[in-house]
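Observations on the three-dimensional arrangement
In case you want the letters, here they are:
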Amino acid sequence: MGFSSDPTTNRQENVMNYQLSDVGALEAEAIHIIREVAAEFERPALLFSGGKDSILLLHMAIKAFAPAKVPFPIMHVDTGHNFDEVIQYRDRRVAETGVKLIVASVQEAIDKGLVTEETGPRASRNGLQTTALLEGIETHKFDALFGGARRDEEKARAKERVYSFRDEFGQWDPKGQRPELWNLYNGRHKQGEHFRVFPISNWTELDVWHYIADQKIDVPEIYYAHKRMVFERDGMWLADTPYITRMEGEELQERTVRFRTIGDASCTGAVDSDANDIHKVIEEVGATRVTERGATRADDRRTEAAMEDRKKEGYF
């Protein structure tokens, strides 16, 4: 592939070269895992948040079984405090693919008295997702759920196996996981137990974006730089939404930002950015030395072991 004096063309060529040499094997591994789970388990499902990692999983599931339809549903654990762009994307993607959508609602869990909503300016529904998730698993009798967690995101997620065992209470014991020598996966389980399966465990954030570029995958617009009213809290830019109560001194300002990760709007921060297309996003991610969750997820900052504590209780 020849060299061009046009920097945009050079960026595009670099994207293609990276994808062909580095991400093709990761895709093959992920598709193999997806097919294995579909063959081995009776009632799998794919956890779908509308974030880039779950978008990749759905894209590869479609490739894995084409021309047939994806043989399992997707489940969104809906906090009710989502970014509008993400819900619009979710509904559009469901309509395009014909995949079955199941919604596990945090609001319904609150209404049933299963969980108590937090109050105050730092309140978030993010931690309440665990109860809605476990209820959804029990209701639909899922025995395997695909998740988009990657080992480079956060230290607790780095402890996950590809087949991550959960007991009959949906709990995770990081010391009790099964070995996966030579990429052999043990899916044996008793009734009531299940697995969280992470086909993109070995991917990095940069791998994800190169794959999105190569496959021309549509993602929610909030992943690209745009103007938004935000305020600063704990070194992050939080969006002005009805779900956050601003504290004294937290003044709104319009900035050009983008989101590196998508979650509950009450605890997901944006970063200053001018990366308004896929190639600029790749350049930006390649230069950063902070993970997307470490930089922009307030729920991971509550304690040193916040993510691990939630995962032990049944979180994603």
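If you're wondering where the values come from, they're calculated on a predicted model, not measured in any experiment.

**Regarding a nonpolar patch on the surface**
There is a patch of nonpolar side chains on the surface, built from Leu181, Trp182 and Leu184 and spanning about 430 Å² of accessible area. Secondary-structure assignment places leucine 184 in the loop between strand 5 (163–166) and strand 6 (194–197).

**Here's the deal with the sheet that holds strand 7 (residues 226–233)**
Here four strands make up a closed barrel; going around it, the order is 7-8-10-9 and the pairing antiparallel. The sheet shows a mean angle of 70 degrees between the axes of neighbouring strands, direction not considered. In this structure, strand 9 (residues 253–258) lies alongside strand 10 (residues 269–272), joined through two bridges in antiparallel fashion. Following the sheet pairing, arginine 258 is matched in strand 10 by valine 271.

**Remarks on the side chain of serine 201**
Residue position: serine 201 is located in the loop between strand 6 and helix 6 (205–215). Apart from the residues within four sequence positions on either side, serine 201 is in contact with Ala149, Arg150, Arg151 and Val162.

**Here's the deal with the packing of helix 2 (residues 52–65) against helix 6**
Two elements in contact, helix 2 and helix 6, have axes separated by 11 Å at closest approach and are oriented at 50 degrees. Comparing their axes, helix 6 and helix 2 come out oblique. Where helix 2 crosses over helix 6, the two elements pack in a sense that is left-handed. Here helix 2 contributes Lys52, Asp53, Leu56, His59, Met60 and Lys63 to the contact with helix 6, which in turn contributes Glu205, Val208, Trp209, Tyr211, Ile212 and Gln215. Split by residue class, the contact of helix 2 with helix 6 holds six nonpolar, two polar and four charged.

**Quick look at the environment of arginine 166**
Along the polypeptide, arginine 166 turns up in strand 5. Its relative accessible area of 0% is what places arginine 166 among the buried residues. Sequence separation between arginine 166 and alanine 144 is 22 residues; the distance between their C-alpha atoms is 9.5 Å. Side chain to side chain, arginine 166 and serine 164 meet in a polar contact 2.5 Å long.

**Describing the nonpolar core**
As a rule of thumb, soluble globular proteins bury nonpolar side chains together. Within the largest apolar cluster, 59 residues are counted, with the highest numbers of intra-cluster contacts made by Met60, Tyr163, Val197, Trp203 and Trp209. In terms of residue count, the dominant contributor to this core is helix 2 (eight residues). Here this core gathers at least three residues from each of two domains, domain 1 (7–208 + 304–312) and domain 2 (219–301). Residues Met75, Ile110, Ala132 and Leu145 belong to the second largest nonpolar core, which totals 16 residues.

**Looking at helix 7 (residues 278–287)**
Listing the buried residues of helix 7 in full gives Ile278, His279, Val281, Ile282 and Val285. Projected down its long axis, helix 7 shows its buried positions confined to an angular sector of 155 degrees, all on one face. The residue sitting at the N-terminus of helix 7 and contributing the capping side-chain oxygen is aspartate 277; that oxygen lies 3.1 Å from the backbone nitrogen of histidine 279.

Parameters and conventions
- Residues numbered from 1 in each chain as written.
- Predicted model: local features only at pLDDT ≥ 70, side-chain atom pairs only at ≥ 80, totals over all residues.
- Heavy atoms only, no water.
- Patch = residues over 30% accessible without salt bridge, like charges linked within 9 Å, V, L, I, M, F, W, Y side chains within 5 Å.
- Areas by Shrake-Rupley, 256 points an atom, 1.4 Å probe, with all protein chains shown as cover.
- Salt bridge = Lys/Arg side-chain N within 4 Å of Asp/Glu carboxyl O.
- Helix = DSSP H or I, 4+ residues; strand = E, 2+ residues; numbered from the N terminus.
- Pairing = 2+ DSSP bridges.
- Axes fitted to C-alpha atoms, helices over the stretch in contact; angles between N-to-C directions.
- Contact = heavy atoms within 4.5 Å.
- Parallel < 35°, antiparallel > 145°, perpendicular 65-115°, else oblique.
- Left-handed = near helix turned anticlockwise from the far one by under 90°.
- Nonpolar A, V, L, I, M, F, W, Y, C, P; charged D, E, K, R; others polar.
- Buried < 20%, exposed > 50% of the residue type's maximum accessible area, 1.4 Å probe, protein only.
- Polar contact = N/O pair within 3.5 Å; in protein donor to acceptor, adjacent residues only side chain to side chain.
- Core = buried A, V, L, I, M, F, W, Y, C linked by side-chain atoms within 4.5 Å.
- Domains from an automatic or database assignment.
- Arc of directions from axis to C-beta.

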